[in-house]
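Each chain, letter by letter, is given below.
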Amino acid sequence: MDSVGVAAAAPDAGPGPAWQSKCPWGAPSTTSISCSLADVMSEQLAKELQLEEENAAFPEVVAAAEGPFITGENIDTSSDLMLAQMLQMEFDREYDAQLRREEKKINGDSKVSISFENYRKVHPYDSDSSEDEVDWQDTRHDPYRADKPTTTPRRGFIGKGKDITTKHDEVVCGRKNTARMENFAPEFQVGDGIGMDLKLSNQVFNALKQHAYSEERRSARLHEKKEHSTAEKAVDPKTRLLLYKMVNSGMLETITGCISTGKESVVFHAYGGNATEDKVIPAECAIKVFKTTLNEFKNRDKYIKDDYRFKDRFSKLNPRKIIRMWAEKEMHNLTRMQNAGIPCPQVVILKKHVLVMSFIGQDQVPAPKLKDVTLSSEDMKKAYYQILNMMQQLYRECNLVHADLSEYNTLWHDGKVWLIDVSQSVEPTHPHGLEFLFRDCRNVSQFFQKGGVAEALNERELFNAVSGLNITADNEVDFQAEIEALEKMNEDHVQNHGKKLSTFSSDGDPPIYDE
Ligand code: ADP
Ligand code: MN
């Protein structure tokens, strides 16, 4: 990550030249692309369900997520690179708009339409604006793959008697060659060869074809390169622009630097900027940028794929959207925790795959993780009971299991424990929810037992204390088996009734169902 570039985005260069006051490229145009009704319906349904579920706890976050960051007044010209990138993006967007217009012109009302999708500058694959995003499956099909050339019959000639024309006929070949140029990519200008009855010799045609193909490959390489750079660094140009806009809008004062680079995210520290009408920005913020590297997220599929809250949306999303869902998930989970009074970062704003929250720590120094801090035995005991409490609250009030709880994701700040990193947290009735909880319990009890807290329950006792379940198995293997049996019961219930149990119960009572 290039933290210098980010720091340079801060508007601390003082008053700029006069032309700065006027935005040179105006407001970005937004064009929408139509998609199928079914897509819209299910996306909407999922959104509605989720909103309902979150009890409208954080409506303003989503609502405020889109805002006209670039205004004529406060454009910052201190970063030439950023300016160039913004101009380039604007140019690309215009280019795409033009392509779209041409596409429309060509297609008209025709039932069969062609698509210029693959020739757009802002390739849908790395497009970031949800309005013009097309699921990547849709773009796999290449509408410009050359059609099979029209063939002369096997026997090699058509016609009769002296009207026979063979496949080697110069005029026929020439016309055919000219027609075949139509198969070149649309940005490859071939002129109106057909209209003027142009006959291309094989030699010329082959040379042209070679050139067209190498041009096509070059353009593909360019796109590929772009995608790679997105994957390599967490802060690709688009993320940087997103961060820049946050600073530019005054929401953040400065982004000071990187706190942590993990496999799945990069976290920055920032000083908060001005409050808006409806939001107070914390003095210090943490910015979690979810890495747009796809590999890292593949093995986390199971957390989100089986989370019923996201189920409808998962199947037809492109990788970029899935990553955004991680950020979204972390936001919702943090909000639930906040509402339950669990010490955790407070959500400031979510923008695409970038989550801004309050900073746990002081003066740019993040609070230490429990694994890195040496606590007195008294504090250690206090921390233990607090975590036990938080796990119960999380389970009962938030209906969540952390699913990655350990001394790595708990910070010691202000004399208490703060929970972080909840993008993977799931509801207890998630198909593997109880297994995740058991793993959490194992981490916690091992850490505190090793840390000399005599009162620390073992993992099985802790599991029962948190879940309220009464699993009696006295060894790990049987215990785990019972957990899996409970999960299976829930799954079977989903299969049979189309909905999950609202809670688990193992003490002989009939399970409580959702109604
Ligand atoms: P990852 O998925 O990469 O583990 P985390 O959410 O755990 O992401 O963040 C990584 C690190 O960044 C944490 O271990 C912590 O040190 C720091 N961090 C994350 N969020 C905050 C925050 N709100 N305040 C202070 N530090 C934070
Ligand atoms: Mn973490």
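In case you missed it, the structure is sitting above this.
The rules behind each value
- Residues numbered from 1 in each chain as written.
- Chains lettered and ligands numbered in written order.
- Predicted model: local features only at pLDDT ≥ 70, side-chain atom pairs only at ≥ 80, totals over all residues.
- Heavy atoms only, no water.
- Helix = DSSP H or I, 4+ residues; strand = E, 2+ residues; numbered from the N terminus.
- Buried < 20%, exposed > 50% of the residue type's maximum accessible area, 1.4 Å probe, protein only.
- Contact = heavy atoms within 4.5 Å.
- Near = heavy atom within 4 Å.
- Polar contact = N/O pair within 3.5 Å; in protein donor to acceptor, adjacent residues only side chain to side chain.
- Areas by Shrake-Rupley, 256 points an atom, 1.4 Å probe, with all protein chains shown as cover.
- Nonpolar A, V, L, I, M, F, W, Y, C, P; charged D, E, K, R; others polar.
- Domains from an automatic or database assignment.
- Donors = N, O, S within 2.8 Å, 3.2 Å for Na, K, Ca; no water.
- Expected span 1.5 Å × (residues − 1).
- Arc of directions from axis to C-beta.
- Pairing = 2+ DSSP bridges.
- Phe/Tyr/Trp six-rings, centres within 6.5 Å; stacked < 30°, edge-to-face > 60°.
- Axes fitted to C-alpha atoms, helices over the stretch in contact; angles between N-to-C directions.
- Disulfide = S-S within 2.5 Å.
- Core = buried A, V, L, I, M, F, W, Y, C linked by side-chain atoms within 4.5 Å.
- Parallel < 35°, antiparallel > 145°, perpendicular 65-115°, else oblique.
- Salt bridge = Lys/Arg side-chain N within 4 Å of Asp/Glu carboxyl O.

Caption draft 1: Expanded view of the overall build of the chain. Tallying secondary structure elements over the chain gives 15 helices and 11 strands in all. Here the chain, with 515 residues, has 43% of them falling under the buried criterion. Excluding contacts between residues fewer than 6 apart, the proportion of contacts in the chain whose partners are at least 24 apart in sequence is 65%.

Caption draft 2: Here's a closer look at the site of ligand 1. As a structural note, the neighbourhood of ligand 1 is formed by 16 residues, with Ser265, Lys288, Ile360, Lys369 and Asp421 the closest of them. Note that a nitrogen atom of ligand 1 is positioned 2.8 Å from one of the backbone N or O atoms of Ile360. Take Lys369: an N or O atom from its side chain is 3.5 Å from an oxygen atom of ligand 1. For ligand 1, the protein covers 91% of the area, taking 540 Å² as the surface of the free molecule. Sorting the residues of the shell around ligand 1 by element identifies strand S4 (265-272), strand S5 (284-290) and strand S7 (354-358) as the ones contributing at least two each. Class assignment for the residues of the shell around ligand 1 results in 8 nonpolar, 5 polar and 3 charged. Each of domain 2 (234-366) and domain 3 (368-500) gives at least three residues to the shell around ligand 1.

Caption draft 3: A look at the coordination of the manganese ion (ligand 2). Listed as protein donors to the manganese ion (ligand 2) are Asn409 (OD1) and Asp421 (OD); their distances from the metal cover 2.2 Å. Note that Asn409 is positioned in the loop between helix H12 (377-396) and strand S10 (410-413) and Asp421 in the loop between strand S11 (416-419) and helix H13 (433-450), a separation of 12 residues in sequence.

Caption draft 4: Structural view of helix H15 (residues 476-497). A rise of 1.5 Å per residue sets the reference length of H15, with its 22 residues, at 32 Å; its end C-alpha atoms lie 31 Å apart and thus fit the reference within 8%. Along H15, the positions that sit buried rather than exposed are Phe479, Ile483, Leu486, Glu487, Asn490 and His493. Angular distribution of buried residues about the axis of H15 spans 110°; they occupy a single face of the element. Of the exposed residues in H15, those oriented more than 90 degrees away from the buried face are Val477, Lys488, Gln495 and Asn496. On its buried face, H15 is in contact with H13 and helix H14 (459-467). Where H15 begins, the side chain of Asn475 points an oxygen toward the backbone nitrogen of Val477, at a separation of 3.1 Å. Phi turns positive, to about 75°, at Gly498, one or two residues after H15.

Caption draft 5: Spotlight on the pairing of S11. Judged from the 4 bridges that link them, S10 and S11 form a sheet pairing that is antiparallel. Following the sheet pairing, Leu411 is matched in S11 by Trp418. Connecting the antiparallel pair S10 and S11 is a turn made up of 2 residues, with Asp414 showing a positive phi of about 60°.

Caption draft 6: Looking closely at the packing of aromatic side chains. Counted by the stated rule, this structure contains 6 aromatic pairs. With a centroid separation of 5.3 Å and an interplanar angle of 65°, the aromatic rings of Tyr384 and Phe448 are classed as edge-to-face. Within this pair, whereas Tyr384 is found in helix H12, its partner Phe448 is found in helix H13, the two being separated by 64 residues in sequence. Its relative accessible area of 1% is what places Tyr384 among the buried residues. Arranged with centres 5.9 Å apart and planes meeting at 85°, the rings of Phe438 and Phe463 form a pair that is edge-to-face.

Caption draft 7: Structural view of the sheet that holds S4. Overall, antiparallel pairing links the 5 strands, which are arranged S3-S4-S5-S7-S6 in an open sheet. Each edge of the open sheet is held by one strand with a lone partner, namely strand S3 (252-261) and strand S6 (347-351). Neighbouring strand axes in the sheet, compared pairwise and without regard to direction, differ in orientation by 20° on average.

Caption draft 8: Region of interest: the side chain of His269. Here His269 is to be found in strand S4. Using a relative accessible area of 1% as the deciding quantity, one classes His269 as buried. A polar contact of 2.7 Å, which involves the side chain of His269, links it to the side chain of Glu284. The residues contacting His269, other than those within four sequence positions of it, are Thr254, Ile255, Thr256, Gly257, Ile259, Glu284, Cys285, Phe359 and Gln364.

Caption draft 9: Broad picture of the state of the cysteines. Here the structure, examined in full by the defined rule, presents 0 disulfides. Not engaged in a disulfide, the cysteine Cys344 finds its nearest cysteine sulfur in Cys398; these two sulfurs lie 8.3 Å apart. The class for Cys398 is buried, based on a relative accessible area of 3%.

Caption draft 10: Spatial organisation of the side chain of Asn490. Locating Asn490 in the fold gives a position in helix H15. Setting aside chain neighbours within four positions, we find Asn490 in contact with Thr429, Lys500, Leu501 and Phe504.

Caption draft 11: Expanded view of the nonpolar core. Residues Ile387, Met391, Phe448 and Phe463 are the most contacted members of the largest nonpolar core, which totals 60 residues. Looking at this core element by element, the count peaks at 9 residues for H12. No fewer than three residues from each of domain 2 (234-366) and domain 3 (368-500) sit in this core. Non-local contacts of Ile387, meaning those with residues more than four positions away in its chain, are made with Leu370, Leu405, Thr410, Val417, Val444 and Phe448. Membership of the second largest hydrophobic core comes to 19 residues, among which are Val247, Cys285, Val289 and Val354.

Caption draft 12: Up close: the packing of H12 against H13. One can describe the packing of H12 onto H13 by two numbers: an axis separation of 11 Å at closest approach and a directional angle of 170°. The orientation of H12 with respect to H13, classified from their angle, is roughly antiparallel. Contacts from Met380, Ala383, Tyr384, Ile387, Met391 and Tyr395 of H12 reach H13 at Leu434, Leu437, Asp440, Cys441, Val444, Phe447 and Phe448. Broken down by class, the residue content of the contact of H12 with H13 amounts to 12 nonpolar, no polar and 1 charged.

Caption draft 13: Layout of the pattern of salt bridges. A complete count under the given rule lists 8 salt bridges for this structure. Asp421 is paired through a salt bridge with Lys288; the nearest N and O atoms lie 3.1 Å apart. You can see Asp421 sitting in the loop between S11 and H13 and its partner Lys288 sitting in strand S5, a full 133 residues away along the chain. Overall, the relative accessible area of 19% leaves Asp421 in the buried class. The closest approach of N and O atoms between Asp492 and Lys488, which form a salt bridge, is 3.2 Å. Pair noted here: Asp492 and Lys488 are both in helix H15, with a separation of 4 residues, about one helical turn.

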